[in-house]
Amino acid sequence: PDVCVVGLGYIGLPTAAIFAHKGKQVHGVDVSPRTVAAVNSGKVPFVEPDLGGFVERAVSNGTLTASTEPVPASTYIIAVPTPFHDDHSADLSYIEAATRAVSRHLTGGELLILESTSPPGATQHMADVVAQERPDLAHAGIKFAHCPERVLPGRVMVELVENDRIVGGITPEAAEEARELYRVFCEGEILLTDATTAEMAKLVENSFRDVNIAFANELSIISDKLGIDVWELIELANHHPRVNILQPGPGVGGHCIAVDPWFIVAAAPDEARLIRTAREVNDSKPRYLMERIRAASEGTNEPTVAMLGLAFKPNIDDLRESPALQIVHDYAEAHPQSRVLAVEPHVEELPAKLAGLSNVRLTPTDEAIDAADVVVVLVDHDAFKAIPAHRVAEKQVVDSKGLWR
Ligand code: SAJ
């Protein structure tokens, strides 16, 4: 094949499918036999609009195949997870394992591209792993580059094509070659740099958003203390031509923005003071809201609390690293005498994390509001925005998203 993509998740599979769509011969690799079987039968094992059609067509016309082991190819793209350890430093074991698996098939002259979001130095580390595994190929012209993805889940097939991309090479030749490859489908600008700058660019983009959300979250806590409406405050301040404050909420979720800034902190612990504090501010927001819920239910024996939303952001069914889910779990666990009615129109059953708590029940929106002493807004799904304020006029309300200002 022309391209071998290792890791068929949220990034690897769309990338494999779009290369195949553009006529490249692509082989996908995943450690999960279930994922491999799904792809080989033209199916997508997760939810992403439009991806299904691309995969189905590519598999049926033979341009996309999959297996659990890499195969010889001229280019390898590694798109595996980079979780973090308890001390917040990056866990590179998936990248290392993928690189070792690929190493066995190298013959010289190949291009290896790291797409996984990675701490500074990870691309060089990949080169070091290959050097260690294959000393026989020390002068065989193997090239290494980092090309971070920046697509928004839910819009991946559009953003893959339209977004600008950064390509960082261990050498300028590696970057040039990677640019030629991405030109096949990328209609945005492709900007060249070195590998470490490319690694940092991705981390910095998500940290920028994290720091700005932390600013909004801090303002919401200050506003509560001063007895003013943070939503009105932000709206007014944003009328200034050079001010654009983001929206506060229950915290920051998902598997990117709440993770990536820690890689910068781990790389420069004494210097990354603002970035670390922003993480701490956002991570502490669930605890702050739990205290507000407790205060709102004070004086009510065995209070019934309606919790609106479990997802990590509006209008999706993704519960990964969701602060809303954490709040519902922690509150229910700490207050066994409370009856917790979890409302999430995008899921059909109580998520595993809540299933063990006997005082939590997945409840339809209207039923939960009618039964509640306290109504808590955790996610601003469109379905909740349609609820008129008079429906909660008689209730205690803790509104983390400013639904009923
Ligand atoms: N959030 C707020 N207030 C806001 C905006 C967001 O509290 O004003 C919260 C959301 O509710 C959510 C979290 O932040 O819990 C993150 O949501 P998001 O929509 O900002 O971002 P993600 O995690 O879905 O995707 C991000 C994107 N990065 C940037 O916008 C800089 C995406 O482009 C990246 O590709 C993706 O991370 C990634 O994979 O790294």
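Parameters and conventions
Residues numbered from 1 in each chain as written. Predicted model: local features only at pLDDT ≥ 70, side-chain atom pairs only at ≥ 80, totals over all residues. Near = placed C-beta within 6 Å. Nonpolar A, V, L, I, M, F, W, Y, C, P; charged D, E, K, R; others polar. Domains from an automatic or database assignment. Contact = placed C-beta atoms within 7 Å. Buried ≥ 20, exposed ≤ 12 C-beta atoms within 10 Å, placed from the backbone. Helix = DSSP H or I, 4+ residues; strand = E, 2+ residues; numbered from the N terminus. Pairing = 2+ DSSP bridges. Axes fitted to C-alpha atoms, helices over the stretch in contact; angles between N-to-C directions.

Draft legend 1. Region of the structure containing the site of the ligand. Looking at the ligand, there are 19 residues lining it, with L246, G249, G253, G254 and C256 nearest. Considering only residue class, the shell around the ligand consists of nine nonpolar, six polar and four charged.

Draft legend 2. Focus on the domain arrangement of the chain. Its domain assignment divides the chain into domain 1 (3-188) and domain 2 (206-399). Across the boundary between the two partners, domain 1 contributes 10 residues, which contact 11 residues of domain 2. Residues of the side of domain 1 that touches domain 2, tallied by class, amount to six nonpolar, four polar and no charged.

Draft legend 3. Quick peek at the pairing of strand β12 (residues 374-377). The two faces of β12 match: V374 and V376 on one face and V375 and V377 on the other face are all buried. Relative to strand β13 (residues 396-399), β12 runs parallel, the two being bridged by four bridges. Each bridged residue has a counterpart across the sheet, and for V374 the counterpart in β13 is Q396.

Draft legend 4. Representation of the sheet that holds strand β6 (residues 143-146) within the structure. The sheet built from eight strands is open, its strands ordered β3-β2-β1-β4-β5-β6-β7-β8 with mixed pairing. Each edge of the sheet is formed by a strand with only one pairing partner; in this case those strands are β3 (64-67) and β8 (190-194). Taking the axes of each pair of neighbouring strands and ignoring which way they run, one obtains an average angle of 25 degrees across the sheet. Running over the sheet, helix α1 (residues 12-21) touches β1 (3-6), β2 (26-29), β3 and β4 (75-78) and is turned about 165 degrees from β2.

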